[in-house]
Amino acid sequence: MQTLHRVRADHPHSTPRLRLVDEKRGVATGPCGNMLIVSDDLAQGIGSSVVSDSVVVAAGEEWVADLNDPGPAGHEAQAKLHHLILRATRHQVWRLRDQVVAASAGELEDLAQQAASDAMVAVLGKLETFEGRSKFSTWVFKFGVFHAGVAVRRQAWRYREVTLPDTLDPVDLGAAPEAHAQGSDLARAVRRAIAEDLTPHQRKIALALLVEEVPIDVLAERLDTNRNALYKTLHDARRRLRESLMASGHLDQPAQGSAS
Amino acid sequence: MNTNGHDLPQTLLDKLLLDTSPYLSCDECFERLDRYAERVVADPQHADLPMQVHLNACGACAEEAETLIDLLSGRG
Ligand SMILES: [Zn+2]
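Values in this document were obtained by computation on a predicted structure and should not be read as measured data.

A. Local environment of the overall build of chain A. Looking only at helices and strands, chain A features eight helices and six strands. Helices (α) and strands (β) of chain A occur, in sequence order from the N terminus, as β-β-β-α-β-β-α-α-α-β-α-α-α-α. Across the 260 residues of chain A, 48% fall into the buried class. If you take every contact in chain A between residues at least 6 apart in sequence, the share linking residues at least 24 apart comes to 66%. Carbon and sulfur atoms provide 50% of the accessible area of chain A, an area that totals close to 12,900 Å².

Right, here's the structure in full:
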C-alpha cells in the first residue's frame, strides 16, 4: 500500500492551448465539425455579433470585445467577466459545501473568490479558443464551475492521506450489509480479475478511485498527473475486467457493433 | 459484513464493471460541456451518448455538468 501526500500540479484546463482556426473570413469548420462563424454578415444573420476576427458572441455580450482593451472599457469588461465567474464559483462551492463541512461561511467565500481568480486567469488565457458554439457566459461559467470544484475537493482532502491499495482485500468495504452481493461467483471472479488481469498501475488507480473514492483531481495532484490520464487508465482497467469476465462466462458479450 | 471473503457491494461491482465506451476524455468532455449543457436545458431529452457515458462514469465531470445546468436553468 502506497501513501501519497499533497503536491501541487496544474491541471491542463489551467494552461493555454493552441487554437486551430481558419484565419480566412467566412465560414470555417471547428474541430468538432461545428460551424465557426467569422463573418459579420453571417453572425448578424443568427443574432450574434463578431467582436474580433475569430470570436462570435450572442446579442448582449458585445462587451467581450473590450476584454483586452487597456483602458476603462477593458476594466469594465473584466469586471463583468469576474462577476460572471464569481457567480459560477459561488454556486459550485455552495452546492459542494457538504464536502467541506468544517468550513465557515467566510471560508467558503474565500474558496469561491480564489477559484474565481484562477478561473479568470484561465478564461483570459483561452479567450482565443472561444468559438461561439455556446453563449460566452455559458463558456465562462464552465471555467468557474471547474475551478471551484477543484478547490473544494482539494480543500476537503487537504489533510487526508491518499492510499493506493495493491489489492482489494485490505480495503475497508464498510457499506451497508444489504448492499453486498452474497459471495457470488461474479464477485469472486471480479476479485480474481483485479488481481490477475489488471496491471499494477491499473489496479492502484481503479481501487483508489472506485474503492477509496479519492476524487479524480485530488489523485491527479498527488500523483503529479492529470484527470485525463487517470480517467483513461480507469477506462482501460474497466475494459480489461469486463473482457476477463466475458471470457470466463460471468458477463454477457456486448451487442454487436458497440464501440470500445 | 465481508464474512466469506468474496462478497462485494453491488454498487462497487457496478462501478468496476461499468462499460465506458464510447471513450471520451475529461478534456473533451470539458470542451463540449458548455454546448451540451445549453442543449440539455433547452431539451431535457437531448441525447449525446459519449457525453452521457462519460458523465455517468466520471464523478468530477458529472458534478460540473450538474452545476452548469443548474446555473443555466436560473437556479444559480
Ligand atoms: Zn471526466
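Let us keep going from here.
B. Highlighting the side chain of His-54 of chain B. Relative to the elements of secondary structure, His-54 of chain B occurs in helix α3 (residues 49-57). His-54 of chain B has contacts with Tyr-231 of chain A together with Leu-24, Ser-25, Cys-26, Cys-29 and Cys-61 of chain B, leaving out every residue within four places of it along the chain.

C. Seen up close, the coordination of the zinc ion. Residues and elements named next belong to chain B. For the zinc ion, the full set of protein donor atoms is Cys-26 (SG), His-54 (NE2), Cys-58 (SG) and Cys-61 (SG), and the range of their distances to it is 2.1 to 2.4 Å. Taken together, the four donor atoms coordinating the zinc ion span angles of 105 to 116° at the metal, a pattern that classifies the geometry as tetrahedral. Binding-site remark: the zinc ion is held by donors from one chain whose sequence spacing is C-x27-H-x3-C-x2-C. Of this pair, Cys-26 sits in helix α2 (residues 26-42) while Cys-61 sits in helix α4 (residues 59-75), and the two are 35 residues apart along the sequence. Its relative accessible area of 3% is what places Cys-61 among the buried residues.

D. Representation of the environment of Lys-142 of chain A. Take Lys-142 of chain A: it is sitting in helix α4 (residues 136-156). Each C-alpha atom, one on Lys-142 of chain A and one on Arg-191 of chain A, is 38 Å from the other, the two residues being 49 residues apart in sequence. A polar atom in the side chain of Lys-142 of chain A sits 2.6 Å from the backbone oxygen of Phe-30 of chain B.

E. Structural view of unusual backbone geometry. With an omega dihedral of 0°, the bond running from Ser-21 of chain B to Pro-22 of chain B counts as a cis peptide bond. Secondary-structure assignment places Pro-22 of chain B in the loop between α1 (10-16) and α2. Notably, Glu-213 of chain A is not glycine yet its phi reads approximately 55°, a positive angle. Here Glu-213 of chain A shows up in the loop between α6 (200-210) and α7 (216-223). A positive phi angle, near 55°, is found at Asp-224 of chain A, a position not held by glycine.

F. Fine view of the confidence of the model for chain A. Across chain A, the average pLDDT comes to 80, with 71% of residues at 70 or higher. Scored below 50 in pLDDT, residues 5-47 of chain A shows 82 contacts in the model against residues more than four places distant or in partner chains.

G. The packing of α6 of chain A against helix α8 (residues 227-247) of chain A, seen in detail. Residues and elements named next belong to chain A. It is at 9 Å that the axes of α6 and α8 come closest, and there the two elements cross at 105°. As the angle between them shows, α6 and α8 are arranged roughly perpendicular. Contacts from His-201, Gln-202, Ile-205, Ala-206, Leu-209 and Leu-210 of α6 reach α8 at Leu-230, Thr-233, Leu-234, Asp-236, Ala-237, Arg-238 and Arg-240. A class-by-class count of the residues in the contact of α6 with α8 yields seven nonpolar, three polar and three charged.

H. Structural view of the packing of aromatic side chains. Per the stated rule, a full pass over the model turns up eight aromatic pairs over all chains. With centroids separated by 4.9 Å and ring planes inclined at 70°, the aromatic side chains of Trp-139 of chain A and Phe-143 of chain A adopt a geometry described as edge-to-face. Of this pair, Trp-139 of chain A and Phe-143 of chain A are both found in helix α4, four residues apart, which corresponds to roughly one turn of the helix. In this pair, the class of Trp-139 of chain A matches that of Phe-143 of chain A, namely buried. Ring centres 5.1 Å apart and planes at 85° place the aromatic pair Phe-143 of chain A and Phe-30 of chain B in the edge-to-face group. Taken together, the residues Phe-143 of chain A in helix α4 and Phe-30 of chain B in helix α2 connect one chain to another. With relative accessibility at 2%, the residue Phe-143 of chain A sits in the buried group. A connected cluster of aromatic rings, assembled from ring pairs, spans Trp-63, Phe-130, Phe-136, Trp-139, Phe-143 and Phe-146 of chain A together with Phe-30 of chain B. Here the guanidinium or amino end of Arg-160 of chain A rests over the ring plane of Trp-157 of chain A, the centre of that ring lying 3.8 Å away. The residue whose ring lies beneath Lys-232 of chain A is Tyr-23 of chain B, and the NZ or CZ to ring-centre distance is 5.6 Å.

I. Examining the state of the cysteines more closely. Residue and element names in this part refer to chain B. With the rule as written, the count across this model stands at zero disulfides over all chains. Unpaired in this structure, Cys-29 has its nearest cysteine sulfur neighbour in Cys-61, at a distance of 4.2 Å. Accessibility expressed as a relative area gives 1% for Cys-29, which makes it buried.

J. Examining the nonpolar core more closely. All names here are of chain A. Ranked by internal contacts, the top residues of the largest apolar core, which has 77 residues, are Leu-81, Phe-136 and Leu-219. Residues from two domains meet in this core; each of domain 2 (60-156) and domain 3 (177-247) gives at least three. Core analysis: the next-biggest nonpolar cluster, separate from the first, contains ten residues, Val-100, Ala-115, Ala-151 and Val-152 among them.

Procedures and definitions
Residues numbered from 1 in each chain as written. Chains lettered and ligands numbered in written order. Predicted model: local features only at pLDDT ≥ 70, side-chain atom pairs only at ≥ 80, totals over all residues. Heavy atoms only, no water. Helix = DSSP H or I, 4+ residues; strand = E, 2+ residues; numbered from the N terminus. Buried < 20%, exposed > 50% of the residue type's maximum accessible area, 1.4 Å probe, protein only. Contact = heavy atoms within 4.5 Å. Areas by Shrake-Rupley, 256 points an atom, 1.4 Å probe, with all protein chains shown as cover. Donors = N, O, S within 2.8 Å, 3.2 Å for Na, K, Ca; no water. Tetrahedral: all angles 85-135°; square planar, octahedral: opposite > 155°, others 65-115°. Polar contact = N/O pair within 3.5 Å; in protein donor to acceptor, adjacent residues only side chain to side chain. pLDDT = per-residue confidence, 0-100. Axes fitted to C-alpha atoms, helices over the stretch in contact; angles between N-to-C directions. Parallel < 35°, antiparallel > 145°, perpendicular 65-115°, else oblique. Nonpolar A, V, L, I, M, F, W, Y, C, P; charged D, E, K, R; others polar. Phe/Tyr/Trp six-rings, centres within 6.5 Å; stacked < 30°, edge-to-face > 60°. Lys NZ or Arg CZ within 6 Å of the ring centre and 35° of its normal. Disulfide = S-S within 2.5 Å. Core = buried A, V, L, I, M, F, W, Y, C linked by side-chain atoms within 4.5 Å. Domains from an automatic or database assignment.

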